[in-house]
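Structural characterization, general
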Amino acid sequence: MAVCQNTETLRTQVARWRESGDSIAFVPTMGNLHAGHLSLVEIAKQNAERVIVSIYVNPLQFAPDEDFSSYPRTLEDDLKKLDALETDLIFLPDDTMIYPQGEQHSTFVEVPGLSHIIEGECRPGFFRGVATVVLKLFNLVEPDMAVFGEKDFQQLLIIRRLVEDLCLPIKIMSGATLREGDGLAMSSRNIYLDTQERGKSRFLSAALIEFQHQIKRGVDIEKAQTSCVDVLKKQGFLVDYVTLRETSELALVSEDGISANKSLIILAAVKLGKTRLIDNLKFTI
Ligand code: PAF
């Protein structure tokens, strides 16, 4: 497994693989890898001859009051896990490579519309940070395909839109959310939960499942949503949002918009103590 910290080495290696006809799949990450990330690497391996994983904690996607400085950085452990999966190359860019003018003064890219609703409303500038770094990483790595997790469903749609709008020749693939035994979606931020919060955190996915059941049973959307929010609040969650959307554009769903075979998604973000958790549940009626 090669570990590469500069653009020239990366490009030379990628060019060699291309010359020998190998396709390249890319998995961008912020490190602190868990089984969810590793499942994306497995998807990459199944679809391409060569797999590149990047680890970069992107300052542009953190607001000043967020956890950029405390975000878990576990490089040694991450490299071991990626080596065990026989990943071909780990790309470790630094801030000067990604933001030569400093992150506040570099060119950015923003996907309109989708970036400003739901998660984007709670975290202004977040998706600008994500789209910008992903585009830069795509330009550096030049992969044939890239894999993203469905846990960050809105992010996945934004990346797909970015690729379509900017005519990038990159196929975007996705991997299903991996969950702990009690239903908690895997996330690098789960390590912030103390024992009591970890116990409670399972109620998030359970509440989304109940919301889904109610919609399938024909309960009024607003009623089902309110009862989901109430249950979460009773368990001590601070609810940023719980919302039912259609999956393609994340448009709000109206009562008469619910029809057979309609693909829907419940998206949620909550805080438990100092930990912010997001989750989603996709289903069809
Ligand atoms: O999902 C993530 O880990 C990040 O948002 C990404 C895509 C690596 C960009 O920093």
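Notes on the structure in this doc start here. For clarity, every value in this text was computed on a predicted model and none was experimentally measured. (Residues numbered from 1 in each chain as written. Predicted model: local features only at pLDDT ≥ 70, side-chain atom pairs only at ≥ 80, totals over all residues. Heavy atoms only, no water.)

1. Topic: the overall build of the protein
Counting its regular elements, the protein contains nine helices and nine strands. By the compact-globule yardstick of 19 Å for 285 residues, the protein fits well, its C-alpha radius of gyration being 19 Å. Dimensions of the protein, computed from C-alpha atoms along their principal axes, come out at roughly 60 × 40 × 40 Å. Sequence separation of at least 24 residues holds for 72% of the intrachain contacts in the protein that already meet a minimum separation of 6. (Helix = DSSP H or I, 4+ residues; strand = E, 2+ residues; numbered from the N terminus. Rg over C-alpha atoms; globule rule 2.2 N^0.38 Å. Contact = heavy atoms within 4.5 Å.)

2. Structural notes on the packing of helix α6 (residues 126-141) against helix α7 (residues 153-165)
α7 packs onto α6 with a crossing angle of 50° between their chain directions and a minimal axis gap of 10 Å. Taken together, the axes of α6 and α7 are oblique relative to one another. The element α6 and its partner α7 pack so that their crossing is right-handed. Here F127, V130, A131, V134, L135 and F138 of α6 come into contact with α7, specifically with Q154, Q155, I158, I159, L162 and V163. When its residues are assigned to classes, the contact of α6 with α7 shows ten nonpolar, two polar and no charged. (Axes fitted to C-alpha atoms, helices over the stretch in contact; angles between N-to-C directions. Parallel < 35°, antiparallel > 145°, perpendicular 65-115°, else oblique. Left-handed = near helix turned anticlockwise from the far one by under 90°. Nonpolar A, V, L, I, M, F, W, Y, C, P; charged D, E, K, R; others polar.)

3. Some points on the state of the cysteines
In this structure the tally under the stated criterion is zero disulfides. C122 provides the cysteine sulfur closest to C228, a residue in no disulfide bond, and the two sulfurs are 15 Å apart. Residue classification places C228 among the buried positions, given a relative accessible area of 4%. (Disulfide = S-S within 2.5 Å. Buried < 20%, exposed > 50% of the residue type's maximum accessible area, 1.4 Å probe, protein only.)

4. A few points about a negative patch on the surface
Together, D220, E222, E255 and D256 give the surface a local cluster of negative charge. Assignment of secondary structure puts D256 in the loop between β7 (238-246) and β8 (263-272). Overall, D256 belongs to the exposed group, its relative accessible area being 71%. (Patch = residues over 30% accessible without salt bridge, like charges linked within 9 Å, V, L, I, M, F, W, Y side chains within 5 Å. Areas by Shrake-Rupley, 256 points an atom, 1.4 Å probe, with all protein chains shown as cover. Salt bridge = Lys/Arg side-chain N within 4 Å of Asp/Glu carboxyl O. Lys, Arg positive; Asp, Glu negative; His and termini not counted. Charge placed at Lys NZ, Arg CZ, Asp CG, Glu CD.)

5. Overview of the sheet that holds strand β3 (residues 50-55)
The strand order β1-β4-β3-β2-β5-β6 describes an open sheet built from six strands, whose pairing is parallel. Only two strands of the sheet have a single neighbouring strand rather than two, namely β1 (2-4) and β6 (171-175). This sheet shows a mean twist of 25° between the axes of neighbouring strands, independent of strand direction. As defined by bridge partners, β3 adjoins strand β4 (residues 89-91) across three bridges and the pair is classed as parallel. Its bridge partner lying in β4, S54 is registered against F91. In this fold α6 packs onto β2 (24-29), β3, β4, β5 (145-149) and β6, with an angle of close to 145° to the strand it touches most, β2. (Pairing = 2+ DSSP bridges.)

6. Things to note about the pairing of strand β9 (residues 275-284)
The buried count for β9 comes to eight of ten residues, which makes it a mostly enclosed element. Direction of pairing for β8 relative to β9: antiparallel, over a ladder of ten bridges. Note on β9: the bridge partner recorded for L272 is T275. Where β8 hands over to β9, the hairpin turn is made up of two residues, of which G273 adopts a positive phi near 60°.

7. Regarding unusual backbone geometry
Even without being a glycine, E86 presents a positive backbone phi close to 60°. With a phi close to 50°, I118 is a non-glycine residue in the positive phi region.

8. Overview of the nonpolar core
Judged by nonpolar contacts, the single largest core of 46 residues is most densely connected at L10, I52, F91, F138 and I172. Ranked by residue count, the leading element in this core is α6, at eleven residues. Contacts of I172, omitting those with residues within four sequence positions, involve F138, A146, F148, L156, I159, R160 and V163. (Core = buried A, V, L, I, M, F, W, Y, C linked by side-chain atoms within 4.5 Å.)

9. Observations regarding the packing of aromatic side chains
Per the counting criterion, the structure on display carries five aromatic pairs. Both rings, one in F26 and one in F138, keep their centres 6.3 Å apart while their planes meet at 70°; by these two values the pair is edge-to-face. One end of the pair, F26, is in strand β2; the other, F138, is in helix α6, with 112 residues separating them in the sequence. According to the relative accessible area criterion, F26 is buried, its value standing at 0%. When the centroid spacing of 5.4 Å and the interplanar angle of 65° are considered together, the rings of F62 and F68 count as edge-to-face. Its relative accessible area of 10% is what places F62 among the buried residues. Relative accessible area serves as the criterion here: at 28%, F68 is assigned to the partly exposed category. (Phe/Tyr/Trp six-rings, centres within 6.5 Å; stacked < 30°, edge-to-face > 60°.)

10. With respect to the site of the ligand
The full set of residues close to the ligand is P28, T29, M30, Q61, V130, V133, V134, F148, D152 and Q155. A distance of 2.7 Å separates an oxygen atom of the ligand from a polar side-chain atom of Q61. In this structure, Q155 approaches the ligand through a side-chain N or O atom, which is 2.8 Å from an oxygen atom. Starting from 290 Å² of accessible surface for the ligand in isolation, the protein chains cover 88%. Contributing elements (two or more residues each) for the shell around the ligand: β2 and α6. For the shell around the ligand, the element with the highest residue contribution is α6, accounting for three residues. Classifying every residue of the shell around the ligand gives six nonpolar, three polar and one charged. (Near = heavy atom within 4 Å. Polar contact = N/O pair within 3.5 Å; in protein donor to acceptor, adjacent residues only side chain to side chain.)

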